[in-house]
Amino acid sequence: MDFLMVVHSKAVPTVISVLLWLLISCSLSYGLQGDIDCLKSIKDSLEDPFGYLNPTWNFNNNTAGFICSFTGIECWHPDENKVLNVQLSDMGLKGKFPRGIQNCSSLTGLDLSNNELFGPIPVDISIILPFATSLKLSSNNFSGDIPVNLSNVTFMNVLNLDHNRLTGRIPPELSLLSRLKTFTVADNLLTGPIPNFPYSISADSFANNPGLCGKPLDPCQSAKKSAHPGMFAVAVAGGVTVATMGVVIIVIIILAIRRSGYRSALVQPYNVRKEEEGR
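**Things to note about the side chain of Asn-160**
Stage number 1. Positionally, Asn-160 belongs in strand β8 (residues 158-160).
Stage number 2. What Asn-160 contacts, discounting residues up to four positions off in sequence, is Leu-135, Lys-136, Leu-137, Ser-138, Thr-182 and Thr-184.

If you want it as structure tokens, here you go:
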């Protein structure tokens, strides 16, 4: 009996350790599987007319870290299927923004520049790329508004959106990205005032957007017109006063002339009668 109790007391911790190890392994496997699914969705959702992805993006391999050898993929560790950066620039890829990239749950950098991607940038971009420090979407055909939600990607250091067909205004909320060091929206169709960023951004970063205004570009027209609203109001009031006085003076003169003519008309017959009586 004592022997069985000793065996039982030793077996319980061992069973618990095994179960804990299995739980951790399953969680880790699920996390890594998410990154594999992430890359599968990218390949499935984008056209690759020049076949840049085909030679290396082979999902039939099950060895540790096999996705880390894919073209344009950088992992946290070469022997672990955990994606750090996706760099797929200059590949002629076609399609919309690959939403499945949110399955790369530890992704910090995404570069899809110089391709033929189109459509809007997802409005929930901060959910898709919550830990991104770099987002490069330059030289594509993205359209629509710049998502306000980008201001929630708080680790962002680099945000390149130039050479697209983005419209609307630059969200003022982007000025809250305190870590942002590089920001460019040149060569789009943006309008309205440039937000007051707390850091210096060159005029080149906003160039060739006919509707953009404000520092570091030319002042907005509305700002010019309303630069001295008080003086404008005084000038208008003064103009109205002068005009009114002018009208009053003209009326007085007309009345005076009419009254003078009326008196002459009355006096002339009287004078004639006096002359006749004198004769």
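**Focus: the pairing of strand β1 (residues 73-77)**
Stage number 1. When β1 meets strand β2 (residues 80-87), the two strands line up antiparallel, connected through four bridges. Along β2, the bridge assignment pairs His-77 with Glu-80.
Stage number 2. The loop that links β1 with its antiparallel partner β2 comprises two residues.

**Side note on the side chain of Ser-134**
Stage number 1. Tracing the chain through its elements places Ser-134 in strand β6 (residues 134-136).
Stage number 2. Beyond its immediate chain neighbours, meaning those up to four positions away, Ser-134 contacts Thr-108, Gly-109, Leu-110, Met-156 and Val-158.

**Considerations on the sheet that holds strand β10 (residues 182-184)**
The strands making up a sheet are joined through hydrogen bonds of the backbone, oriented either antiparallel or parallel.
Stage number 1. Spatially, six strands are ordered β1-β2-β4-β6-β8-β10 in an open sheet, and the strand pairing comes out mixed. The open sheet has two edge strands, β1 and β10, and neither has a second partner. When strand polarity is set aside, the average angle formed by the axes of neighbouring strands in this sheet is 25°.
Stage number 2. Pairing of strand β4 (residues 109-111) with β6, which is carried by three bridges, proceeds in the parallel orientation. Looking at the pairing, Leu-110 lines up with Leu-135 of β6.

**Comments concerning the state of the cysteines**
Stage number 1. All chains considered together, the criterion is met by three disulfides.
Stage number 2. Each sulfur of the disulfide joining Cys-38 and Cys-104 lies 2.0 Å from the other. Around the S-S axis, the bridge from Cys-38 to Cys-104 shows a dihedral of about -105° and counts as left-handed. With Cys-38 in helix α1 (residues 2-45) and Cys-104 in the loop between β3 (94-95) and β4, this pair connects stretches of sequence that are 66 residues apart. Here Cys-38 and Cys-104 have matching classes, each one buried.
Stage number 3. Each disulfide pairs two cysteine sulfurs, and for Cys-68 the partner residue is Cys-75, the sulfurs being separated by 2.1 Å. Looking along the S-S bond of the Cys-68-Cys-75 disulfide, the torsion reads about -105°, which is the left-handed sense.
Stage number 4. If one numbers only the bonded cysteines of the protein chain, in the order they occur, the disulfide pattern is 1-4, 2-3, 5-6.

What counts, and where the lines are drawn
Each chain has its residues counted from 1, following the order in which its sequence is written. Given that the model is predicted, a residue must reach a pLDDT of at least 70 before its local features are reported, and side-chain atom pairs must reach 80 or more before they are shown or counted; all residues, however, enter totals for whole chains, interfaces and linings. For side-chain calculations, the full set of non-hydrogen atoms in the structure is used, while hydrogens and water are omitted. Each helix is a run of H or I in the DSSP string that is no shorter than four residues. Each strand is a run of E no shorter than two, and both are numbered from the N terminus. Residues are treated as being in contact if the distance between any of their heavy atoms lies within 4.5 Å. Two strands form a pair only when DSSP identifies at least two bridges running between them. In this analysis an axis means a line fitted to C-alpha atoms, helices contributing only their contacting stretch, and an angle means the value between N-to-C directions, from 0 to 180 degrees. Any two cysteine sulfur atoms lying within 2.5 Å of each other are counted as a disulfide. Relative accessible area decides the class of each residue, using a 1.4 Å probe on protein chains only: under 20% of the type maximum gives buried, over 50% gives exposed, and in between gives partly exposed.

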